[in-house]
Amino acid sequence: VALPWLLQPACAWKRPEPEGVVLVISPWNYPILLALEPMVDAIAAGNVVCLKPSDLSPHTSEVLQTLIEQYMDPRGVQVVQGGRAVNTELLSHHFDHLFFTGGGYVGSILMAEAAKNLTPTSLELGGKSPCYVDRTTDIATAARRIAWGRFTNAGQTCVAPDYVLATPDVADALAHQIASVLTKFFGDDPQQSPRYGRIINDKQFDRLVKFLPGEDDHVSGSVICGGVTDRSDRYIAPTVLFDVDPQAPVMQGEIFGPILPIIIVENESEAINFINKRPKPLAEYVFSQNPRVR
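One structure accompanies this document, and this report is about it.

Definitions and limits used
Residues numbered from 1 in each chain as written. Predicted model: local features only at pLDDT ≥ 70, side-chain atom pairs only at ≥ 80, totals over all residues. Heavy atoms only, no water. Helix = DSSP H or I, 4+ residues; strand = E, 2+ residues; numbered from the N terminus. Buried < 20%, exposed > 50% of the residue type's maximum accessible area, 1.4 Å probe, protein only. Contact = heavy atoms within 4.5 Å. Areas by Shrake-Rupley, 256 points an atom, 1.4 Å probe, with all protein chains shown as cover. Lys, Arg positive; Asp, Glu negative; His and termini not counted. Charge placed at Lys NZ, Arg CZ, Asp CG, Glu CD. Disulfide = S-S within 2.5 Å. Phe/Tyr/Trp six-rings, centres within 6.5 Å; stacked < 30°, edge-to-face > 60°. Lys NZ or Arg CZ within 6 Å of the ring centre and 35° of its normal. Axes fitted to C-alpha atoms, helices over the stretch in contact; angles between N-to-C directions. Parallel < 35°, antiparallel > 145°, perpendicular 65-115°, else oblique. Left-handed = near helix turned anticlockwise from the far one by under 90°. Nonpolar A, V, L, I, M, F, W, Y, C, P; charged D, E, K, R; others polar.

### Observations regarding the overall build of the chain
Looking only at helices and strands, one finds eight helices and 13 strands in the chain. Taking all 294 residues of the chain together, 44% fall into the buried category. Counting contacts in the chain only where the partners sit at least 6 residues apart, residues at least 24 apart contribute 70% of the total. Accessible surface computed for the chain: about 15,900 Å², of which carbon and sulfur atoms make up 56%. Considering the chain, the positive charge centre built from 24 side chains and the negative charge centre built from 33 side chains are found 3 Å apart.

### Structural notes on the state of the cysteines
For the structure shown, the criterion picks out zero disulfides. Considering cysteine sulfurs only, C131 is the nearest to C158, which forms no disulfide, with 14 Å between them.

### Structural notes on the packing of aromatic side chains
Summed over all chains, the structure comprises five aromatic pairs. Judged by centre distance (5.0 Å) and plane angle (65 degrees), the ring pair of F186 and Y196 falls under edge-to-face. In this pair, F186 sits in helix α6 (residues 171–186) while Y196 sits in the loop between α6 and α7 (202–209), placing the two residues 10 residues apart along the sequence. Since its relative accessible area comes to 9%, F186 is described here as buried. For Y196, a relative accessible area of 5% puts it in the buried group. Of the aromatic side chains, those joined through ring pairs into one cluster are F185, F186, Y196 and Y235. The side chain of R278 reaches across the aromatic face of F274, ending 3.6 Å from its centre.

### Describing the packing of helix α5 (residues 139–151) against α6
Packing of α5 against α6 leaves a shortest axis separation of 8 Å and a crossing angle of 60 degrees. In terms of their interaxial angle, α5 and α6 are classed as oblique. Crossing hand, α5 versus α6: right-handed. The residues of α6 that touch α5, namely those facing I139, A140, A143, R144, I146, A147, W148 and F151, are A173, L174, Q177, I178, V181, L182, F185 and F186. In terms of residue class, the contact of α5 with α6 is built from 14 nonpolar, one polar and one charged.

As structure tokens, this is what we get:
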């Protein structure tokens, strides 16, 4: 590679080297993809991997361990199972890199633990990813894409649209169009649909139910569709909330479930200010044909 004149006539070059032993801690919401993808990348770069799959999806984690031990060289990949105590024990040892996919709260804990051994980290975390929709877009197309992104895997996706900022001239039509699309996706009773998922566990179910408005709750907005729950089945119907107060509980953190709040904003400037006043999202989705907005 080129060098500044002060170092002439020296020469220099780059030589890629594996980092060494990589710890991959994967989440429960896409337990195969988000375990194998970083594992494959690390191996392809010449590293060896310690894979720690999520204890919240134990059946998948067990299958992963069985198959990896059956088909892969144990000198290159080891699988360790367990909960929080196992994560703490792993992080007490020195690794050459940590790759974690999950929530911001756990990510901050892992980063603090990794710092004790100066372990480099790659954190792929979630966030409240907004959509902005104005009158210049095709509402039917926007509704279909937002519905697919929000309600696939029952909303348990890190880059899923978390809430919608819509201008007054399209907000109501958009909300009802999304409700119509959901019927096309999952039928009149999504609980019976083979294409609609469930919440991972009772703890997450109970957390999400608190976001749904009660009979006298005007803060959380009106229910356009959904709102039905069944704890025995860990089922929450795909739910659209309209004209939600920004101070509502559903707007205070990442939802990570099948609930979509719609907030009315006057224009793109108000939408930008709304987003900028909050922690940076993982993704943003703009549905507009206005080149100034895009």
